[in-house]
2 protein chains.
Amino acid sequence: MSSADIIPVRPEMRRETPSTASVAGLSIGSYLIRRLQDYGIRDLFGIPGDYVLAFYNLLEESPINVVGCTREDCAGFAADAYARINGMGAVCVTYCVGGLSLCNSIAGAYAEKSPVVVITGSPGMNERTNNPLLHHRVRDFRTQLEVFEKLCIAGAELSDPDTAFREIDRVLDTAANFKRPVYLEIPRDMVNVVPQVPHTYRHVEPTSDAAALEAAVNEAVDWVASAKRPVIIAGVEMHRFGLQDEVIALAERAKIPVAATMLGKSVVRETHPQYIGLYEGAMGRQEVTKFVEDSDCVLLLGTFMTDINLGIFTANLSPTQCIYATSEKLRIRQHHFQEVLLPDFIRQLASRADDMVNPSVQARPLPEPPGFGKFVLQPDEPIGIRRLIARLNEQLDEETIVIADIGDSLFAATELVTHGRSEFLSPAYYTSMGFSLPAALGAQVARSYMRAVVVVGDGAFQMTGMELSTIARHGFPTVVIVLDNKGYGTERFLHHGQHAYNDIHPWNYHKLPEVLGSGTGYEVRTEAEFDAALTAAWADTSGFSLIQAHLAKTDCSLALERLAEKLSKRVGGKTH
Amino acid sequence: MSSADIIPVRPEMRRETPSTASVAGLSIGSYLIRRLQDYGIRDLFGIPGDYVLAFYNLLEESPINVVGCTREDCAGFAADAYARINGMGAVCVTYCVGGLSLCNSIAGAYAEKSPVVVITGSPGMNERTNNPLLHHRVRDFRTQLEVFEKLCIAGAELSDPDTAFREIDRVLDTAANFKRPVYLEIPRDMVNVVPQVPHTYRHVEPTSDAAALEAAVNEAVDWVASAKRPVIIAGVEMHRFGLQDEVIALAERAKIPVAATMLGKSVVRETHPQYIGLYEGAMGRQEVTKFVEDSDCVLLLGTFMTDINLGIFTANLSPTQCIYATSEKLRIRQHHFQEVLLPDFIRQLASRADDMVNPSVQARPLPEPPGFGKFVLQPDEPIGIRRLIARLNEQLDEETIVIADIGDSLFAATELVTHGRSEFLSPAYYTSMGFSLPAALGAQVARSYMRAVVVVGDGAFQMTGMELSTIARHGFPTVVIVLDNKGYGTERFLHHGQHAYNDIHPWNYHKLPEVLGSGTGYEVRTEAEFDAALTAAWADTSGFSLIQAHLAKTDCSLALERLAEKLSKRVGGKTH
């Protein structure tokens, strides 16, 4: 199966043909469920609670599959991962005790542009007379709404039947257009109310300023055509806006090498001959860093200029050498263009690729990264993170989704070569510990025929790892690799000195199958043990596998070592 | 040991004598640490992270004991429980990924008036030039601050050395005065800055309007003296404001019977001869409900009139029969008094107790609750929640702290008779599932010589139960009773019909000691097994004990049964 086969019809396309059937007789809750399906949402994550039970009862009768989680923040992470893979995701929880438990997950979705629809119940409008102290209430009835105004791109309280349908349309369209989370609160006595106003969904497509678009494309084409060594850095927005085919077409036809960022890893399949690797400042391979920074025309396409993406600001790029195109900004050298939509710019650029052909480019401008040739087992050696990743790399195929937690799990996993697109997930900007395990649940629900592999540190696992319960419940063949160095390893490494606060309580992670009643646990200390465990885990599709890999406290990835080295050279430099 | 012995010097008293030593040379971080100690904070809960490491390093060298938790929301619950027992608590986490994970715990502390100090790091002021995309950032650098403005009573960003000390004083005093959480954010480059301005802490005591206070007290005294059957309902604010001695003195000298609310349970020790039980509308014992509602003068002292406290509004009290005194409001019948502080009112009322003596009162106006006489084991009977609570009740002593999670754990546990004061903790208003386990950690840290007993449902345990890891790490002899009915039992009971979303994945909770490397697990199905497990757990002080009690899905407490019965009688009534 080619990687293209696994990309579903993207919701942007589906949105063009929303359900145009009559909405007469639909309740507010039923209309919301229908519109979620228009955006390709087939599954939803959450936990029931009294203020949202009326909506849960509607969901139960609908085609949408509700995946119950152990806790709300995990449901939020799962919905985020589902949105990254599926195009849009949703989470449904009760008022305040549920909603306010989602703040961190939804903040992460905001920061990394993942369109998650937060749906929450609230006390009925008819219960609010005289401002009673209903349970779950914080300061007043609007507290939760006000908090999510800070964490979402749009939101609405569906308290008025006359406007509820329009508000649902507006909020969902905003999620689709901006790829950010949105918030919908339904007072429980509004769920089954049938509005008495006629309603038709009207799709309003945002448009670019035609003259600005033309000027920008012309300027970019002229520059790239005359550049000596152009290079593309493909960022995560290429995936979010469904522009991966266009970027590949542009690179192939104009013969431009492509790098990616950590957050955008796997946006372009890493086995592509023009792919040169991750650009991540001092953390990355030196050849890639040099290749990019020596370029006279760097096309940063949908790339967030975050500190992590830039190797904690060890990157060295000047605006005078860059075309910087994101959904928020388009800048070519010192020229800023306004009202140019990212998809329009990328598509037009791709259509002009023949005008930019650069004959000097090599098919594979950089050699393959070292160390990932044929993996030769050193059976009795203690397992270390670099060799573990090298061995794991051999196991990946086009049906694997890699999910890395943050810290050295992420840094190490960036060395993996993914085989398709959208197959590497990580919160590489917001860097919230504990994303990976619940995200694996979301990924497995979105792609039940694939296998998620989680690379997670012990500290992160202790935060959300018990969401493995839901993976066990659904029988997904997820493989979880716990990098167990008995503490917060990245902090130990970047902040010198022994600090007791970086040590955590040791768990026998491999015994969790006994608690969860299914799955298989492995405990490994040597390369041979890891090799055997990974082989067995891969062969086993009966349920999850968890491999607890005991690492030395001083072990770390090449990327982390490079970063620490670079930072130590900075006089008085901040160590992140 | 009498119950009075275990009440420490309360922070209100300690605050009167803050450290008046010179602050010259103290950094912002060091001043904060010193002021936390002035408020009696000896321990603090949290998780390190890069933006807060500078402050963590100061904490490490300070007398304050930092208790690392598995996740931030658990640290928040632990700090909340610590604050409820100790008078004030604190939690310290990193920026956004840490802080925003606290939203729900802190919202609960706000709703139930628990003074928790939230301390968080943030990017340095010198890193914010040009608005860079630093990791953990959401919308802009103020997102987290703006969210906590909704969830705290006061907050400050300590970004200005000239005002930092005054801001710390203002914010901590507000927590002490209003018993609500507060927020302090320290940019990481401010922690070690030494302000060059002189500073002296000035304690400003809020004062009552003397005339209003006198009028209110006179009116109350006259009414109580002439009433036929006065009764006190002692609420949780009596504990928060350290007024338990005054309430007891008032009740004893004026010979007034005392009831409590669910949230205020154990504010007055339940073995006191004048104590008549919990008043909770239809959920409570009928004799108590009748006794209170038949009273011609109900003194609601520090009682929140919440839906749960009122048995989901099944209570039947009219303002014309009430004196309603809280920190926010003082109302005697239809007379509202303004600017009368709760402590002043209660103390003056207590000092006038002799003027209110009511000769008609009996020593114990109501019989003891039924069923809690001598517990006679029925060894082969399946264990049910009512008999489990009855057996547990025999085991309680003055060194036990009972912590109930929400749902039927709470409803059932309210039947327990606590032996001292402040020995029953539960989020009985905000009702956030998963409070109990991390709260037990907070309680054990605050009272290391006592034993916390947790009563928790399986759904709640799956949310936060792994904080047991930290209890294991510290070797606390906590006893955890998991009421395992394989789902969200209270929802099943109050919302009729079989809904799959109320079922959860079954865990072998009793095998968690194998994962955590210490503790003892028990699995019980009969009364004999529960009896043996509880006896063994009580005898074992080497670590935690976890008793997994398999319950029938249809099992429920008497209180929940009473509530469901009452609600079913309401025509068209909402079932919460």
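Definitions and cut-offs
- Residues numbered from 1 in each chain as written.
- Chains lettered and ligands numbered in written order.
- Predicted model: local features only at pLDDT ≥ 70, side-chain atom pairs only at ≥ 80, totals over all residues.
- Heavy atoms only, no water.
- Helix = DSSP H or I, 4+ residues; strand = E, 2+ residues; numbered from the N terminus.
- Buried < 20%, exposed > 50% of the residue type's maximum accessible area, 1.4 Å probe, protein only.
- Contact = heavy atoms within 4.5 Å.
- Pairing = 2+ DSSP bridges.
- Least-squares fit on C-alpha atoms with pLDDT ≥ 70 in both.
- Domains from an automatic or database assignment.
- Salt bridge = Lys/Arg side-chain N within 4 Å of Asp/Glu carboxyl O.
- Polar contact = N/O pair within 3.5 Å; in protein donor to acceptor, adjacent residues only side chain to side chain.
- Nonpolar A, V, L, I, M, F, W, Y, C, P; charged D, E, K, R; others polar.
- Core = buried A, V, L, I, M, F, W, Y, C linked by side-chain atoms within 4.5 Å.
- Axes fitted to C-alpha atoms, helices over the stretch in contact; angles between N-to-C directions.
- pLDDT = per-residue confidence, 0-100.

**Observations regarding the environment of Asp344(B)**
Residues and elements named next belong to chain B. Looking at the secondary structure, you find aspartate 344 in helix H12 (residues 342–351). The partly exposed category is assigned to aspartate 344, whose relative accessible area is 25%. Sequence separation of aspartate 344 and leucine 213 is 131 residues, and the distance between their C-alpha atoms is 7.7 Å. In contact with aspartate 344, other than residues within four places in its own chain, are Ser208 and Leu213.

**Quick look at unusual backbone geometry**
Residues and elements named next belong to chain A. Phi angles above zero are rare outside glycine, and lysine 113 is one such case at about 60°. Its place among the elements puts lysine 113 in the loop between helix H5 (103–111) and strand E4 (116–122). Exposure remark for lysine 113: the relative accessible area of 2% places this residue in the buried category. The backbone phi angle of lysine 486 is positive, close to 60°, even though this residue is not glycine. Along the chain, lysine 486 turns up in the loop between strand E17 (479–484) and helix H18 (489–494). Classification of lysine 486 by relative accessible area gives partly exposed; the value is 23%.

**Regarding the pairing of strand E10 (residues 297–301) of chain A**
Residue and element names in this part refer to chain A. When you tally the buried positions in E10, you get five out of five residues, the bulk of the element. Of the pairings in the sheet, the one linking strand E7 (residues 230–234) to E10 comprises five bridges and is parallel in character. Its bridge partner being in E10, isoleucine 232 is matched across the sheet by leucine 299. Looking at chain direction, E10 and strand E11 (residues 322–325) are connected through four bridges and run parallel. Bridge pairing in E11 links valine 298 to cysteine 322.

**Things to note about the relation of the copies chain B and chain A**
Both copies of the chain are related by a screw-like operation: a rotation about an axis and a shift along it. Here chain B sits on chain A after a turn of 180° about the axis and a move of 0.0 Å along it, with an RMSD of 0.0 Å. The symmetry that links the two subunits is that of a two-fold axis. Distance from the rotation axis, computed per C-alpha, reaches its smallest value in chain B at Val147(B): 2.7 Å. Looking at the interface residues of chain B, 100% of them are also at the interface in chain A, so both copies use one shared face.

**Regarding the domain arrangement of chain A**
All names here are of chain A. You can read the domains of chain A as domain 1 (3–205), domain 2 (210–356) and domain 3 (385–565). Computed over C-alpha atoms only, the centres of domain 1 and domain 2 are separated by 34 Å. Each side of the interface is counted separately: domain 1 has 11 residues, and domain 2 has 11 residues. Applying the counting rule to domain 1 against domain 2 returns three salt bridges.

**Re the interface of chain B and chain A**
Taken together, the contact between chain B and chain A spans 79 residues of the former and 80 residues of the latter. Here chain B and chain A share four salt bridges between them. Ionic pairing is found between Asp73(B) and Arg71(A), a salt bridge with its closest N-O pair at 2.6 Å. Connecting chain B to chain A are 37 residue pairs in polar contact (both at pLDDT 80 or more). Contributions of two or more residues to the side of chain B that touches chain A are made by helix H3 (53–61), helix H4 (72–86), helix H5 (103–111), helix H6 (143–149), helix H16 (458–464), helix H17 (468–474) and helix H19 (512–516) of chain B. If you tally residues by element for the side of chain B that touches chain A, the top one is H5(B), at five residues. Residues belonging to the side of chain B that touches chain A are distributed by class as follows: 39 nonpolar, 21 polar and 19 charged.

**Considering the nonpolar core**
Counting 312 residues, the largest nonpolar core has Phe345(A), Phe461(A), Phe345(B) and Phe461(B) as the members making the most contacts within it. Leave out the neighbours within four places in its chain, and Phe345(A) touches Leu213(A), Ala216(A), Val217(A), Ala220(A), Ile323(A), Ala325(A), Leu330(A) and Val340(A).

**Considering the sheet that holds strand E16 (residues 451–457) of chain A**
All names here are of chain A. If you walk across this open sheet you meet the six strands as E15-E14-E16-E17-E19-E18, and the pairing is parallel. This sheet does not close on itself; its edge strands, each paired only once, are strand E15 (424–425) and strand E18 (520–524). Pairing between E18 and strand E19 (residues 545–550): five bridges, direction parallel. Among the inter-strand pairings, valine 524 is bridged to a residue of E19, identified as alanine 549. Of the strands in this sheet, strand E14 (400–404), E16, E17, E18 and E19 touch helix H20 (residues 527–539), which is tilted by about 165° from E18.

**Some words on the pairing of E17(A)**
All names here are of chain A. The buried fraction of E17 amounts to six of the six residues, a majority that puts the element mostly inside the structure. Of the two faces of E17, the one lined by Val479, Ile481 and Leu483 and the one lined by Val480, Val482 and Asp484 are each fully buried. Alignment of E16 against E17, held across five bridges, turns out to be parallel. Residue valine 453 lies in a different strand from E17, and its bridge partner there is valine 479. In terms of strand pairing, E17 meets E19 through six bridges, oriented parallel. Among the inter-strand pairings, valine 482 is bridged to a residue of E19, identified as glutamine 548.

**Comments concerning the pattern of salt bridges**
Enumeration according to the criterion identifies 55 salt bridges over all chains in this entry. Two residues, Asp503(A) and Arg492(A), come together in a salt bridge whose shortest N-O distance is 3.0 Å. One end of the pair, Asp503(A), is in the loop between H18 and helix H19 (512–516); the other, Arg492(A), is in helix H18, with 11 residues separating them in the sequence. A residue is classified by how much of its surface remains accessible, and Arg492(A), at 15% relative accessible area, is buried. Between Lys113(B) and Glu237(B) there is a salt bridge, and its shortest N-O distance comes to 2.5 Å. Separated by 124 residues along the polypeptide, Lys113(B) in the loop between H5 and strand E4 (116–122) and Glu237(B) in helix H9 (residues 236–240) bring together distant segments of the chain.

**Examining the confidence of the model for chain A**
Residues and elements named next belong to chain A. The pLDDT averaged across chain A works out to 89; a share of 91% of its residues lies at or above 70. Segment residues 1–17 is flagged for pLDDT under 50; beyond a separation of four residues in sequence, or across chains, it makes 40 contacts in the model. Ignoring residues within four places in sequence, the model shows residues 571–576, a span with pLDDT below 50, making 11 contacts including any to other chains.

**So, the sheet that holds strand E10 (residues 297–301) of chain B**
Residues and elements named next belong to chain B. Read across the sheet, seven strands follow the order E9-E8-E7-E10-E11-E12-E13 without closing on themselves; strand pairing throughout is mixed. The outermost strands of the open sheet, each flanked by one partner alone, are strand E9 (275–278) and strand E13 (335–337). Recorded for the sheet is a direction-independent mean angle of 20° between the axes of neighbouring strands. Against the sheet, helix H10 (residues 244–254) touches strand E7 (230–234), strand E8 (258–260) and E10, its axis set at about 165° to E7.

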